[in-house]
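Coordinates in review
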Amino acid sequence: METLTIVNGDIYTPTHYGQGSIVIQDDKISAITSEALQPSGEVIDASGCLVIPGLIDGLVHGGGGYDSMTGQVEDIATIARAHAQSGVTSLVLGISSGSMTQINSALTAIAQIVDEPVADGSQILGSYVEGKFGSLAKNGAQNAKYITPPNFEEFHAMWAASDGTLKVISIAPENDENFQFIKHLSTFKADAYNNIVIAMGHTNATYQQAMAAIDAGVTRATHTYNGMSGMHHRDLGAIEAVLSHPDIHAELIVDEHHVHPFWGNNLIQQKGIDAVGLITDCTELAGVPTEEWQASATYVPELDAYRLNEAVVSDEADGTEKYIRNGAMWLDVGEPAERLAGATITLMDGIRNVINWGQSIEAALTMATLTPAQNLDVAESIGSIATGKIADVVIVDDNLSVQTVILRGKPLKN
């Protein structure tokens, strides 16, 4: 049995434990103590640093220069490695709208890494079919050509292609007649669908439809505010349902482009940190240094934006050119209806943002670790520093810059 001990760290579990040591045996945490001990095996001195749980990003579309939709297993492995370097030890990989051939190919590639994790990469918890069953009125960056109402034929094809690793399915509930799709998945999710999480997103639902959908089995809101009806002083929609219903987990994109900090804080205050999960909804540029992607992009002065070239963009989707402007990815730049397409940050960047909004480090960490773990039904093994849990631990300095990542009990090499 291999033993690794982290000593002299300021531990957040994500609540503040204080100065102490963490003993790891093989891939599990065996002890957390504030008492002096004689460590055995490998020792990491975390003096002057914070020791936090590995982060969980519940919706990403790429990283390290690769998109999650290519259908290439090695691309998925590269995405996992890129996020691990930034302290994100668990991921759910997003699947955008596309042809069923493209979607199923992507699901199969992701499933292989779920089943056979790369040693130096984040654990892939499964895939997240985001846009396929959305609303044409709220498609955002999703390719409208392939959006369909939720249906069992396409769902079961995706389920088979994912080999049962499809973790989150997002739908527009107003397109689900009598909520039969939601009710079926909710009824049989434990027995037939590996506890799949039913989300509501890219939706133009009324408040009443959204509330009824949550009562029928929806437990998650796809990137709250974005691609979602509501925020009107007379006509309520899905956003207000997410804010008011106690039984739904609200994703929050924290790059400060998708959601203004005012509304981000508002969501957290309304829902509480046990019901909000921080996500990036990031693109392939997450974890890629600015100078690296700019070297293979074209700056367009009249748009004040960089157009990404084919060498960088792995997934052409609907053929729409992708641009980076002011730290986010956009589509249809220069056209009357520009579309925000995704973030370029990693989740550690997002945590810094949330702390700058005035949230405590404990609150920010909870929303990036334990809260998403609970909604994704994986909190028994990950999401906090606790005895018996998988040893996904990150050592950071006071600025949350990553010093060391412990991935499943093993220090990650830079």
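Now for a description of the structure that goes with this document. (Residues numbered from 1 in each chain as written. Predicted model: local features only at pLDDT ≥ 70, side-chain atom pairs only at ≥ 80, totals over all residues. Heavy atoms only, no water.)

1. A closer look at the nonpolar core
Threshold: Only buried residues count toward a nonpolar core, which is a set of Ala, Val, Leu, Ile, Met, Phe, Trp, Tyr and Cys residues joined through side-chain atoms within 4.5 Å. Residue exposure (1.4 Å probe, protein chains only): buried if accessible area is under 20% of the type maximum, exposed if over 50%, otherwise partly exposed. The secondary structure listing takes helices from DSSP runs of H or I that are at least 4 residues long and strands from runs of E that are at least 2 residues long, numbered from the N terminus.
Ile52, Leu55, Phe155, Ile169, Leu252, Leu278 and Ile351 are the most contacted members of the largest nonpolar core, which totals 82 residues. Considering every element that reaches this core, the biggest residue donor is helix α2 (residues 100–115), with seven residues.

2. Some words on the packing of aromatic side chains
The description of two aromatic rings rests on the distance between their centres and on the angle between their planes. Threshold: Any pair of Phe, Tyr and Trp rings, taking the six-membered ring for Trp, is counted once the centres come within 6.5 Å. Such a pair is stacked with planes under 30 degrees apart, edge-to-face with planes over 60 apart, and tilted for the rest.
Under the definition given, this model contains 10 aromatic pairs. Judged by centre distance (6.2 Å) and plane angle (25°), the rings of Phe155 and Trp159 are stacked. A residue pair is termed a helical-turn pair when its members lie 3 or 4 positions apart in one helix, as Phe155 and Trp159 do in helix α3 (residues 152–161) at four residues. On the numbers, 5.4 Å between centres and 90° between planes, the contact of Trp293 with Tyr306 is edge-to-face. Of this pair, Trp293 sits in helix α8 (residues 290–295) while Tyr306 sits in strand β17 (residues 305–308), and the two are 13 residues apart along the sequence.

3. A few points about the pairing of strand β18 (residues 322–325)
As a reminder, the rule being used: Strand pairing is assigned whenever DSSP identifies at least 2 bridges connecting the two strands.
Going residue by residue along β18, you find Lys322 and Ile324 tucked away on one face and Tyr323 and Arg325 tucked away on the opposite face as well. Inspection of the sheet shows β17 paired to β18 by two bridges, in the antiparallel sense. Residue pairing in the sheet places Tyr306 in a bridge with Ile324 of β18. Note that β18 and strand β19 (residues 328–331) share four bridges and pair antiparallel. Opposite Lys322, over in β19, you have Leu331 as the bridge partner.

4. Overview of the pattern of salt bridges
Under the convention used in this document: By salt bridge we mean one thing: a side-chain nitrogen of Lys or Arg within 4 Å of a carboxyl oxygen of Asp or Glu.
With the rule as written, the count across this model stands at 10 salt bridges. Glu321 is paired through a salt bridge with Arg307; the nearest N and O atoms lie 3.8 Å apart. Of this pair, Glu321 sits in the loop between β17 and β18 while Arg307 sits in strand β17, and the two are 14 residues apart along the sequence. With relative accessibility at 25%, the residue Arg307 sits in the partly exposed group. In the salt-bridge network here, residues are joined through shared partners; they are Glu74, Arg81 and Asp120.

5. What about the environment of Ala106?
We apply this condition: Contacts: residue pairs with any heavy atoms within 4.5 Å of one another.
When you line up the elements, Ala106 lands in helix α2. Overall, Ala106 belongs to the buried group, its relative accessible area being 0%. As a C-alpha pair, Ala106 and Phe133 span 27 residues in sequence and 17 Å in three-dimensional space. With sequence-adjacent residues up to four places away left out, Ala106 is seen in contact with Ser68, Met69, Gly71 and Ile95.

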